[in-house]
Amino acid sequence: MRRIYESDALYRDDDEPGAPRERQREERPQSFRSVPSGSLSRWLVPDRVRRWGLSLEVVTPRTEFRVGEHVPFQVTIKNSLPFPVTVATRSPLLWTWHVDDHRAASKLSADGPPEEERGFRFERGERKRFRKRWDGMFKIADAEWERATTGEYTIGAGLNVEGAADRGLYSETTVTLRPE
Amino acid sequence: MALLEVDDLTVQFYTEDGVVTAADELSFTVESGEKFGVVGESGAGKSVTALSLMRLIEEPGRITDGEIRFKGEDILSMSESEVRSIRGNEMAMIFQDAQTALNPVYTVGEQISEAVRHHLDYSEADARDRAVQLMDDVGIPEPDARYDDYPHQFSGGMQQRVVIATALSCDPDLLIADEPTTALDVTIEAKILDLIENLADEYDTAVQLITHDLGVIAEVCDRVMVMYAGKPVEKAPVDDLYYDPKHPYTVGLMSSIPRVGEQRDRLQTIPGTMPDLVELPSGCSFHPRCPFAEDACTRKEPPLVDHETGQAADGDTDQHVAACLEYTGDLVEGLDYQVDVDGADPNTGSATERGRDHGA
Ligand code: SF4
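Just so we're clear, the structure is a prediction, and the values are computed from it rather than from any experiment.

## Some thoughts on the site of the ligand
Residue and element names in this part refer to chain B.
Turning to step 1, where the next piece is worked out: Inspection of the region around the ligand gives His247, Pro248, Cys284, His287, Cys290, Phe292, Ala293, Cys297, Cys324, Leu325, Leu331 and Leu335 as its neighbouring residues.
Turning to step 2, where the next piece is worked out: Of the pockets mapped on this structure, the ligand occupies the largest cavity.
Turning to step 3, where the next piece is worked out: A per-class count over the shell around the ligand returns ten nonpolar, two polar and no charged.

Shown next, in the form of structure tokens:
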């Protein structure tokens, strides 16, 4: 959290000496743009339409990597509707990624954020892009990882909603790890 | 019982990019009257940790785990009004930038006396007298005349003195200073640090000083915790750490300490940058930048252990602990560096000039 003092995550109160003072309203940083729950468009737009309008795609720059090499991937989530929509997710995460069936390349049972519905807003036609990398490791215990061996691996990403795959909000791609 | 006890504090932020873990199972204590330093580069989670102690973190940030006990009371289970009565009173904070604390529409005197009146039962006239006294204590010349000035009529250094006066107004037991001199130039920096140190002694206040500069810690603090990527990587009494650093990251930080007279804006000497806290490297988070990294470092996260015995840190304040696989016997090659200390008497802890030499 590099910019905690500029973020909305800092408690402020002009009436409390000792607390940071309030600042003038500024555009919220992109990464913080989520709201506790859905907003108006959730009620006006039928669920079906809202989800048709959203799409998600995961891509890697190539399909072959050496064992030990990092595998970068890009996830793009797009709202193709001509109006803003808010999507309600199951937890404060907008999307999740997996290697084979392992969420965030971890073989531990998921210990993710609290199950708490969250609304993420997409402007009309907005495209959100996220760059990540899989470092070719699987987490196998609290403080332990193992290196993935040669072979094929599926890298998947999905919107963090119930039944993402059935609704076309999940995408995957396959990469091959070759010997070093 | 320590003044402040932090156990397994975990602070996370939920962003569109994923979960940012800014503090990861962090444990430390601050004793009454002690000066405790927290050092690390920007992005290590130092500010978030400090702000969490006063419950100043809000959505999308959240303290997800751990305990914070101040004088034995659990801060995290207190009501909002209980926290408010502690904040700015028994526990006060100096922020990186005076602007975070000062309100531009009130005079500096009003702001200090307001702090006095908020927590102490003073009349308006008494609060004014106390404010003027505090302004004098922190070295603001002609405090009576300057009481009615607005913050913009003060220089950056003088503004930070006002913030210090406000913070000390209720005679806190713990003063948290988060990079209090970042926004100031070097000559003012030394004066402000001296001021904090002297006032802390005078008021018998414990200080948690947060900085990216190990040289500052060495001058002011008794004990130090080095943070990297949201975790402590080394904790020790300041002389032990300074003369015998055990973590390669600390050694790297030491090489960033300027020699006397050297330009402050020196080159970053640890290659690479702090990892993105949303995507930490596997194993030891420092491995992509560590000159001694081995294969094991990518597979195992080193626990914080006593460097001599390899036993887990037990909270003993004199213990020198580090989180490197060297001390759990997991490295094949091991560490190989040398720290040269010149022009310093190890017993005074007043050294400001250091040389270093480490190589794999
Ligand atoms: S565990 Fe490995 S990478 Fe981490 S500090 Fe020690 S030698 Fe460096």
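## A look at helix α5 (residues 124-137) of chain B
Residue and element names in this part refer to chain B.
Turning to step 1, where the next piece is worked out: An ideal rise of 1.5 Å per residue puts 20 Å on 14 residues; α5 measures up with 20 Å between its terminal C-alpha atoms.
Turning to step 2, where the next piece is worked out: Among all positions of α5, only Ala127, Arg130, Ala131, Val132, Leu134 and Met135 are buried.
Turning to step 3, where the next piece is worked out: Looking at the buried side of α5, the elements it contacts are α4 (108-119), α6 (143-146), α7 (156-168) and α8 (186-203).
Turning to step 4, where the next piece is worked out: A positive phi of about 85° marks Gly139, the residue just after α5.

## Thoughts on the sheet that holds strand β10 (residues 231-237) of chain B
Residues and elements named next belong to chain B.
Turning to step 1, where the next piece is worked out: A sheet is described by the order of its strands in space; here eight strands give the open sequence β6-β7-β8-β3-β9-β10-β12-β11, paired in mixed fashion. Of all the strands in the sheet, just β6 (91-94) and β11 (305-306) have a single pairing partner and so form its edges.
Turning to step 2, where the next piece is worked out: Where β10 and strand β12 (residues 321-322) come together, two bridges link them in antiparallel fashion. By the bridge assignment for β12, Lys235 is matched with Val321.

## Things to note about the interface of chain A and chain B
Turning to step 1, where the next piece is worked out: Listed by partner, the interface residues are 41 residues for chain A and 53 residues for chain B.
Turning to step 2, where the next piece is worked out: Interface area for chain A against chain B, summed over the two sides, is near 4000 Å², with a carbon-plus-sulfur share of 53%.
Turning to step 3, where the next piece is worked out: Connecting chain A to chain B are five salt bridges.
Turning to step 4, where the next piece is worked out: In this structure, A:Arg147 engages B:Asp295 in a salt bridge whose closest nitrogen and oxygen atoms are separated by 3.4 Å.
Turning to step 5, where the next piece is worked out: Of all elements in the fold, only β8 (118-122), β9 (127-134) and β11 (144-147) of chain A reach the threshold of two or more residues within the side of chain A that touches chain B.

## Observations regarding unusual backbone geometry
Residue and element names in this part refer to chain B.
Turning to step 1, where the next piece is worked out: Looking along the chain, the bond that leaves Glu59 and enters Pro60 is cis, with omega of 5°.
Turning to step 2, where the next piece is worked out: In this structure, Pro60 sits in the loop between α1 (46-53) and β4 (61-70).
Turning to step 3, where the next piece is worked out: Look at Lys71: it is not a glycine, yet its phi comes out positive at around 50°.
Turning to step 4, where the next piece is worked out: Within the secondary structure, Lys71 is located in the loop between β4 and β5 (73-74).
Turning to step 5, where the next piece is worked out: Its relative accessible area of 35% is what places Lys71 among the partly exposed residues.

## Brief notes about the packing of aromatic side chains
All names here are of chain B.
Turning to step 1, where the next piece is worked out: If you walk through the whole model with that rule in mind, you get eleven aromatic pairs over all chains.
Turning to step 2, where the next piece is worked out: Here Tyr228 and Phe286 contribute two aromatic rings whose centre-to-centre distance is 5.1 Å and whose plane-to-plane angle is 80°, an arrangement assigned as edge-to-face. One end of the pair, Tyr228, is in strand β9 (residues 223-228); the other, Phe286, is in the loop between α11 (248-254) and α12 (295-299), and 58 residues separate them in sequence.
Turning to step 3, where the next piece is worked out: On the basis of relative accessibility, which here comes to 2%, the residue Tyr228 falls in the buried class.

## Concerning the pairing of β10(B)
Residues and elements named next belong to chain B.
Turning to step 1, where the next piece is worked out: For β10, the tally of buried residues reaches seven of seven residues, placing the bulk of the element in the interior.
Turning to step 2, where the next piece is worked out: Sheet topology note: the β9/β10 ladder contains six bridges and is antiparallel. Residue pairing across strands places Met225 opposite Lys235, the latter belonging to β10.
Turning to step 3, where the next piece is worked out: Turn length for the β9-β10 hairpin, with the two strands adjacent in sequence and antiparallel, is two residues, and the turn residue Ala229 shows positive phi of about 50°.

## So, the pattern of salt bridges
Turning to step 1, where the next piece is worked out: Scanning the entire structure with this criterion turns up 32 salt bridges over all chains.
Turning to step 2, where the next piece is worked out: For the salt bridge of A:Arg121 with A:Glu123, the shortest nitrogen-to-oxygen distance reads 3.1 Å.
Turning to step 3, where the next piece is worked out: In this structure A:Arg121 comes out as partly exposed when scored by relative accessible area, which is 34%.
Turning to step 4, where the next piece is worked out: One salt bridge in this structure joins B:Glu67 and B:Arg69, with 2.4 Å as the shortest N-O distance.
Turning to step 5, where the next piece is worked out: Residues joined in a network through salt bridges with shared partners are A:Glu116, A:Arg118, B:Glu59 and B:Arg62.

## A short note on α8(B)
Residues spaced three or four apart along an α-helix point in a common direction, a consequence of the helix completing one turn every 3.6 residues.
Turning to step 1, where the next piece is worked out: For α8(B), which comprises 18 residues, the first-to-last C-alpha distance of 26 Å matches the rise-based estimate of 26 Å (1.5 Å per residue) to within 8%.
Turning to step 2, where the next piece is worked out: B:Asp204 sits one or two positions beyond α8(B) and adopts a positive phi of about 55°.

## A look at the sheet that holds strand β13 (residues 170-178) of chain A
All names here are of chain A.
Turning to step 1, where the next piece is worked out: Read across the sheet, five strands follow the order β3-β13-β12-β6-β7 without closing on themselves; strand pairing throughout is mixed. A single partner strand is all that each edge strand has here, and the edge strands are β3 (64-66) and β7 (102-103).
Turning to step 2, where the next piece is worked out: Note: strand β12 (residues 151-159) against β13, eight bridges, orientation antiparallel. In the sheet register, Tyr153 faces β13, and the bridge partner there is Val175.

## Description of the confidence of the model for chain B
In low-pLDDT segments, the atomic positions of the prediction should not be examined closely.
Residue and element names in this part refer to chain B.
Turning to step 1, where the next piece is worked out: Taken as a whole, chain B shows an average pLDDT of 86; of its residues, 91% reach a score of 70 or greater.
Turning to step 2, where the next piece is worked out: Per-residue pLDDT stays below 50 along residues 259-268; that stretch engages in 19 contacts with residues further than four places along the chain or on separate chains.
Turning to step 3, where the next piece is worked out: Note on residues 345-360: pLDDT is under 50 here. Beyond four places in sequence and across chains, it has 48 contacts.
Turning to step 4, where the next piece is worked out: Here the prediction assigns the complex a pTM of 0.87, and the interface score ipTM is 0.82.

## Things to note about empty space enclosed by the protein
Residues and elements named next belong to chain B.
Turning to step 1, where the next piece is worked out: With the rule as written, the count across this model stands at two cavities of 30 Å³ or more.
Turning to step 2, where the next piece is worked out: Its boundaries defined by the atoms lining it, the largest cavity holds a volume of some 100 Å³.
Turning to step 3, where the next piece is worked out: Around the largest cavity, the lining comprises 14 residues; the ones closest to its centre are Pro248, Cys284, Cys290, Cys297 and Cys324.
Turning to step 4, where the next piece is worked out: A breakdown of the residues in the lining of the largest cavity according to their chemical character gives twelve nonpolar, two polar and no charged.
Turning to step 5, where the next piece is worked out: Here the second largest cavity is characterised by a volume of approximately 30 Å³.
Turning to step 6, where the next piece is worked out: Considering the residues around the second largest cavity, the lining is formed by Leu53, Met54, Ile75, Val83, Ile86, Arg87 and Met91.
Turning to step 7, where the next piece is worked out: For the lining of the second largest cavity, the residue count by class is six nonpolar, no polar and one charged.

Scoring rules and cut-offs
Residues numbered from 1 in each chain as written. Chains lettered and ligands numbered in written order. Predicted model: local features only at pLDDT ≥ 70, side-chain atom pairs only at ≥ 80, totals over all residues. Heavy atoms only, no water. Near = heavy atom within 4 Å. 1 Å grid on protein atoms, 1.4 Å probe; cavity = no way out; pocket = protein on both sides within 12 Å on 5 of 7 lines; lining within 4 Å. Sits in = over half its atoms within 2 Å of the grid points. Nonpolar A, V, L, I, M, F, W, Y, C, P; charged D, E, K, R; others polar. Helix = DSSP H or I, 4+ residues; strand = E, 2+ residues; numbered from the N terminus. Expected span 1.5 Å × (residues − 1). Buried < 20%, exposed > 50% of the residue type's maximum accessible area, 1.4 Å probe, protein only. Contact = heavy atoms within 4.5 Å. Pairing = 2+ DSSP bridges. Buried area = accessible area lost by both parts, 1.4 Å probe. Salt bridge = Lys/Arg side-chain N within 4 Å of Asp/Glu carboxyl O. Phe/Tyr/Trp six-rings, centres within 6.5 Å; stacked < 30°, edge-to-face > 60°. pLDDT = per-residue confidence, 0-100. Points joined across faces, edges and corners; volume = space filled by probe spheres on them.

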